[in-house]
Amino acid sequence: MTETLTIGKALNLGLRRAMEDDAKVVLMGEDIGKLGGVFRITDGLQKDFGEARVVDTPLAEAGILGTAVGLAMRGYRPVCEIQFDGFVFPAYNQIVTQVAKLHARSKGRLPMPIVIRIPMGGGIGAVEHHSESPEAYFAHTAGLKVVAVSNPVDAYWGIQQAIAAPDPIVFLEPKRRYWEKAEVDTDATPDPLFASRVVRGGDDVTVLAYGPMVKTALQAADAAAEEGRSLEVIDLRTLSPLDLDPVIASVRRTGRCVVVHEAPTSLGPGAEIAARITESCFHSLEAPVLRVGGYDTPYPPSKLEEEYLPDLDRVLDAVDRSMEF
Amino acid sequence: MTETLTIGKALNLGLRRAMEDDAKVVLMGEDIGKLGGVFRITDGLQKDFGEARVVDTPLAEAGILGTAVGLAMRGYRPVCEIQFDGFVFPAYNQIVTQVAKLHARSKGRLPMPIVIRIPMGGGIGAVEHHSESPEAYFAHTAGLKVVAVSNPVDAYWGIQQAIAAPDPIVFLEPKRRYWEKAEVDTDATPDPLFASRVVRGGDDVTVLAYGPMVKTALQAADAAAEEGRSLEVIDLRTLSPLDLDPVIASVRRTGRCVVVHEAPTSLGPGAEIAARITESCFHSLEAPVLRVGGYDTPYPPSKLEEEYLPDLDRVLDAVDRSMEF
Amino acid sequence: MTALPETTELVDPVPGAAAPHLPDQRGVDTVQLLTPEGDRVEHPDYSLDISDEELRALYRDLVLVRRWDAEATALQRQGELGIWASLLGQEAAQVGAGRALADTDTAFPTYREHGVAWTRGVDPLHVMSLFRGVDNGGWDPVATGFNLYTIVIGSQCLHATGYAMGVQRDGAEQAVLAFLGDGATSQGEVNEAMIWAASFAAPVVFFCQNNQYAISVPLERQSRVPLYQRAAGFGFPGVRVDGNDVLAVLAVTRAALQAAREGQGPTFIEAFTYRMGAHTTSDDPTRYRLASELEEWKLRDPIARVKAYLSRSGAAEPQFFDDVEAEADELAVRIRRGTVEMPDPAPTEMFDHVHAEQTPELAAQRAEFVAYRASFEEEQ
Amino acid sequence: MTALPETTELVDPVPGAAAPHLPDQRGVDTVQLLTPEGDRVEHPDYSLDISDEELRALYRDLVLVRRWDAEATALQRQGELGIWASLLGQEAAQVGAGRALADTDTAFPTYREHGVAWTRGVDPLHVMSLFRGVDNGGWDPVATGFNLYTIVIGSQCLHATGYAMGVQRDGAEQAVLAFLGDGATSQGEVNEAMIWAASFAAPVVFFCQNNQYAISVPLERQSRVPLYQRAAGFGFPGVRVDGNDVLAVLAVTRAALQAAREGQGPTFIEAFTYRMGAHTTSDDPTRYRLASELEEWKLRDPIARVKAYLSRSGAAEPQFFDDVEAEADELAVRIRRGTVEMPDPAPTEMFDHVHAEQTPELAAQRAEFVAYRASFEEEQ
Ligand SMILES: Cc1ncc(C[n+]2csc(CCOP(=O)(O)OP(=O)(O)O)c2C)c(N)n1
Ligand SMILES: Cc1ncc(C[n+]2csc(CCOP(=O)(O)OP(=O)(O)O)c2C)c(N)n1
Ligand SMILES: [Mg+2]
Ligand SMILES: [Mg+2]
């Protein structure tokens, strides 16, 4: 069946499917019950699945993740909602020292199939702590996998795949794109979860993005096309593991690469990607891999966020610099 | 005056000087009083400065950093000891959302001169969580500065400079080198805190390291010299800001660069350094910047740590790969 | 074995069962000095000697902050603010607590303490600038003794405790007032703050506005016993006050602050109140609470009772009320105009306060940013 | 206003003053069934009907875990272990708690619960492997109902609570026992665990071994009131038991676990005891505590009193004690041999359990690692 869904609604439906498929799936988070979450991603689920499976938790993120660990040990598959990206840090100890390490600590005896859903990124005119891009903190943490969806199709399938997967996954949702729509064929065979995807072919420069920046990259590609430049856009989709094979193939062809993300540039995901692509494509590169990221400042007050966030123009500027290098 | 000091003793003396120089300096941490800290870095300080200035805290790292923020707002200069690298995560929320952001949040009205001392890294045969290298988590955080000392001279001066500095600084101490000795001239004029330093000149490959790996890099340079290879070794000393000018100058000359650290390789400091050097030295590089880091696994049980940690051989292996590229 | 306090009402906790709503905790040992009907009552532990003038001043505070709040909500609806966190219903708790502070005391607010900001002399426009997205709060936390808003739930409680430890070290006779919500009591950091405050007998008072909800989550999810009882477990006194009674709040908070100044350590105050509006302008409370609840709480309005008392006791003439209304109108106009006309920040602002000593890296990023922006201007 | 419990003894908190040491909290409402002299006493709330055979079994447990502990300390001194966290003095707390568990219950230990491990049938060598640096604990947490050791202070309390929420969802009549130390009570996560347990009435019992120190830091830094009182603030019962009295610990823990299984929610147990040794073999307690304190606690030895009772009551023959000694000697030999002969882990182990589904990236790193190591073998 094909439906037109927003990313938010696709997630909602995906969660519903996952809960129907497996009675061990338990959603946990602040305000996810009656309210359906501040973004309504869990809308209606508590009504249909009950309070034991859609748990409005006390206001404590370490508590959410720490009890999720215990539930996972008991055979449940907790799906934790962090209300906003900036509020994941109270849970950081549990995520880094427990969630990420328990499989290794127990030599595989303790399953840890926990999904940590985080609405990520800026662009919604919010106050402090509501627009962060913390993905590098997780991608640097051994034992975690990190996925960032960019569209309704991946949202629908990705959340189900993440819940079914046996490892802990940080699942990043492009907050400001929650309302973007697309056709979702709910009978299709989905792409694998940990795979990047060429979303637009091109010859001059390879542009990499994930989550909310994929749309920005595609807009840049449109604009570049008008100037006669052909950008290949790849949606990374997964940040850990990184699926760079399609990227390497592309860069070997284009010789140029630009990575785009909202996270601060220094030690942002672009750093790792640049380092690896340079290792793999050293002789093909006509220019260094360039990064377009957030500045190395705290996320600014919202009146300045358009200045802070990478946009079409900044991507094009990097493309120009790459071409002119 | 020149004294032979271990890194541990140099830190102890440096802390003492800082406390003598400024009555607002307050040390806080677990077991730093009568016990002098588990590594004895604060040995004798509570006895001499009293319990109001050397505070044995309750067992809660968020509490340490959170109250340090309040003390800083009141005009104090808190120096917080985190007992082991793996125990900084309960304080992560305070560090990332408060310590790092308060100067910006208040447009500079609230001073945040907090030093977070963390004994870092492996190699001491410890149990889980006692051998971590969390520097990338801090270096990626706008608003923090990150320093990693490698020797008694920098330990002695660095801790004093960090305490005197107006911004929050994560001060990483090379745990397994605490007992290494050197001559410290306590009358000398110290090098600036945020500056890297060429510690051994060479022509073939530039090797970058910081903290505990500087010694490893120097050992590699010795070994390489026997095979007729000349390595230039640079002690980065500061990870945020990164002082890459001497590195760039070096790489423009050698054309080859290897970065060494204990932190997991993916999104470790080496990623950022590789990306930046490639941007700055694109046309000089004869080979991609290569990284020698910890594997992307949790730090292993201590019987395996020598396999996990970069050592002389792994550095030389990377040097070989760089030369043969 | 510690018996549970007699006032405890445990609520059926089977998961999957609906969390029973708002157990009647209001009879519990609550300090009240002015009834909802506007009658002065006595309390054995807390008396308040207050002049008519002071009473009128409190009334004025209450009315002005409510008007400010209403204007802000309207401005948000009109797109002039990104969001607004309304204090409607909590005026007495905030004004009472704020007016209990001495000039030399320091307050650490959440994001909802506009009423306290008012009592500290913070310009409302400096609060508006935060919700407009111009900055993170434009007031001077040092000059006002009113810290910046803290949005990460509960983090400010540790700051307040640390600050109080500094007060202690300075030998100053000052107290610190840490604000938090009922939801915040579940955060580890908040509990750590209480542990620290007890351990060091820090001169800090925890002022919890129990407005019954953390966004949509009712109090029972955070605690099945009255919140003020938490403190005894940490070894210091807890007290519940009628949060809609500005006199009781003033008296209780004053006493606690004075105890703190005198070295008697922390107190936990639970101001029992209700959030009459939505959590913020982004929220839809009809999804999770009943209109009847709201109706019930309307009968306990914090302003009506002061007005009733002032009128009935003759402490204020009718003209006074008109004057306050007029002043409120003026304030609203000033806030509206100031907000709408507020200039956007300079784009380079975001680079300029990251550190006290800017790094060469960030200076370079800033320079690139300036050059990049200039390139567009050249193009035009 | 909640009065402080009468047993509260506030300690002078002026910063800079030496923290007064070990206030005499021992008179406080402590459950005891066997005195240090070995006399059985009754307690109104807790009775224990126990056979001679069970008593002898407890004695055997106590002696064997002490011997294990001594052997481990010796092995560490000889360089066979990286570190060892001794349970000396805490045998009764651990054996009593461990033996209170039903087979189907689950325990979440810290890093010191070797005595509990013993009662769960964990092979001591599986604990030794952790301290030798071979792995992070070799036992099967699922099969034994004894979770892996958790070193990050307090984190396991949330795991235990979550696990108990799972038990609840399964409708199982099982309980969960979360271990923690006195120092751990200051961690935010531990307090969150209690808040969650109360909120969901989860079938979890918090078993706090108050051994008076967190490494060098005495209890008073963590709490100025007895720890068991913490629980009431969260809305569930707290009880202090003589942690050196295996019978009292058994009785109190049994009752709490049974209450949990029956849906009555959590209990906090404070086992009042003393760490007779160093924090770990890396520690030097002479820096922070007086020998006299140790002497005082020697008089309350957890094993001596059981032995005295067994002998005096005739519940055990002298031969029994000899047999247990002999068994302890054998155990020590087995532990020594097993430890010394323990093979090192395969170097590739570190890659193999990171995920349930290894990533291509990590597989590649592993392959490089194998090739790199092989290159040395080729060279030779
Ligand atoms: C650490 C953290 N988690 C989540 C949030 C999102 N959030 C903002 S306000 C709020 C509820 C707070 O409730 P309460 O403490 O009762 O204060 P109130 O808003 O009722 O004044 C939540 C969950 C946050 N700001 N910080
Ligand atoms: C989060 C964290 N911080 C610090 C440490 C270092 N540490 C290990 S044991 C310990 C003291 C624990 O005291 P307590 O909870 O009383 O348990 P005990 O060791 O006395 O059994 C400390 C501070 C740690 N393991 N975890
Ligand atoms: Mg509330
Ligand atoms: Mg202890």
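Residues numbered from 1 in each chain as written. Chains lettered and ligands numbered in written order. Predicted model: local features only at pLDDT ≥ 70, side-chain atom pairs only at ≥ 80, totals over all residues. Heavy atoms only, no water.

Attention now moves to the sheet that holds strand β2 (residues 106-108) of chain D. Working definition: the strands of a sheet are paired by backbone hydrogen bonds and lie parallel or antiparallel to each other. Residue and element names in this part refer to chain D. Taken in spatial order, the 6 strands of this open sheet run β1-β7-β8-β4-β3-β2, and their pairing is parallel. A single partner strand is all that each edge strand has here, and the edge strands are β1 (30-31) and β2. Where strand β4 (residues 204-210) meets strand β8 (residues 267-272), 6 bridges bridge the pair, whose relative direction is parallel. Note that in β8 the partner of Q209 across the bridge is A271. The sheet contacts of helix α2 (residues 91-100) involve β3 (176-181), β4 and β8, and relative to β4 the element is tilted by about 170°. Packed onto the sheet, helix α7 (residues 188-200) meets β3, β4 and β8 and runs at close to 150° relative to β4. (Pairing = 2+ DSSP bridges. Helix = DSSP H or I, 4+ residues; strand = E, 2+ residues; numbered from the N terminus. Contact = heavy atoms within 4.5 Å. Axes fitted to C-alpha atoms, helices over the stretch in contact; angles between N-to-C directions.)

All right, on to the coordination of the magnesium ion (ligand 4) then. Residue and element names in this part refer to chain D. Looking at the metal site, the magnesium ion (ligand 4) is ligated by D182 (OD), N211 (OD1) and Y213 (O), spaced 2.0 Å from it. Read in sequence order, the donor residues coordinating the magnesium ion (ligand 4) give the pattern D-x28-N-x1-Y. Linking D182 in the loop between β3 and α7 with N211 in the loop between β4 and β5 (213-214), this pair joins segments that are 29 residues apart in sequence. No difference in accessibility class separates D182 from N211, as the two residues are buried. (Donors = N, O, S within 2.8 Å, 3.2 Å for Na, K, Ca; no water. Buried < 20%, exposed > 50% of the residue type's maximum accessible area, 1.4 Å probe, protein only.)

Another point: the nonpolar core. Soluble globular proteins tend to bury their nonpolar side chains together. Formed by 410 residues in total, the largest nonpolar core has its most connected members in F206 of chain C together with F206 of chain D. With sequence-adjacent residues up to four places away left out, F206 of chain C is seen in contact with C157, T161, A178, L180, A193, M194, A197, F236, P266, T267, F268 and I269 of chain C. (Core = buried A, V, L, I, M, F, W, Y, C linked by side-chain atoms within 4.5 Å.)

The immediate surroundings of ligand 1 are formed by 20 residues, with E61 of chain A together with Y111, R112, I151 and D182 of chain C found nearest. Proximal residues around ligand 1 fall on chains A and C, making this an inter-chain site. For ligand 1, a nitrogen atom lies 2.8 Å from a polar atom in the backbone of I151 of chain C. Contact between ligand 1 and D182 of chain C: an oxygen atom at 2.8 Å from a side-chain N or O atom of the residue. Isolated, ligand 1 exposes 580 Å² of accessible area, and the fraction of that covered by the protein chains is 96%. A per-class count over the shell around ligand 1 returns 10 nonpolar, 6 polar and 4 charged. (Near = heavy atom within 4 Å. Polar contact = N/O pair within 3.5 Å; in protein donor to acceptor, adjacent residues only side chain to side chain. Areas by Shrake-Rupley, 256 points an atom, 1.4 Å probe, with all protein chains shown as cover. Nonpolar A, V, L, I, M, F, W, Y, C, P; charged D, E, K, R; others polar.)

Residue and element names in this part refer to chain B. Taking strand neighbours across the sheet as the criterion, the 5 strands line up as β9-β11-β10-β13-β14 in an open arrangement whose pairing is mixed. The strands lining the two open edges of the sheet, one partner per strand, are β9 (197-200) and β14 (290-294). Ignoring strand direction, the axes of neighbouring strands in this sheet form an average angle of 25°. In the sheet, strand β10 (residues 205-209) pairs with strand β13 (residues 257-264) via 3 bridges, with the strands oriented parallel. By the bridge assignment for β13, L208 is matched with V259. Here helix α8 (residues 213-226) sits on the sheet in contact with β9, β10, β11 (231-235) and β13, set at roughly 170° to β11.

This brings us to the coordination of the magnesium ion (ligand 3). Taken together, D182 of chain C (OD), N211 of chain C (OD1) and Y213 of chain C (O) make up the protein donors of the magnesium ion (ligand 3), found 2.0 to 2.1 Å from the metal. For the magnesium ion (ligand 3), all donor residues lie on one chain, and their spacing in sequence is D-x28-N-x1-Y.

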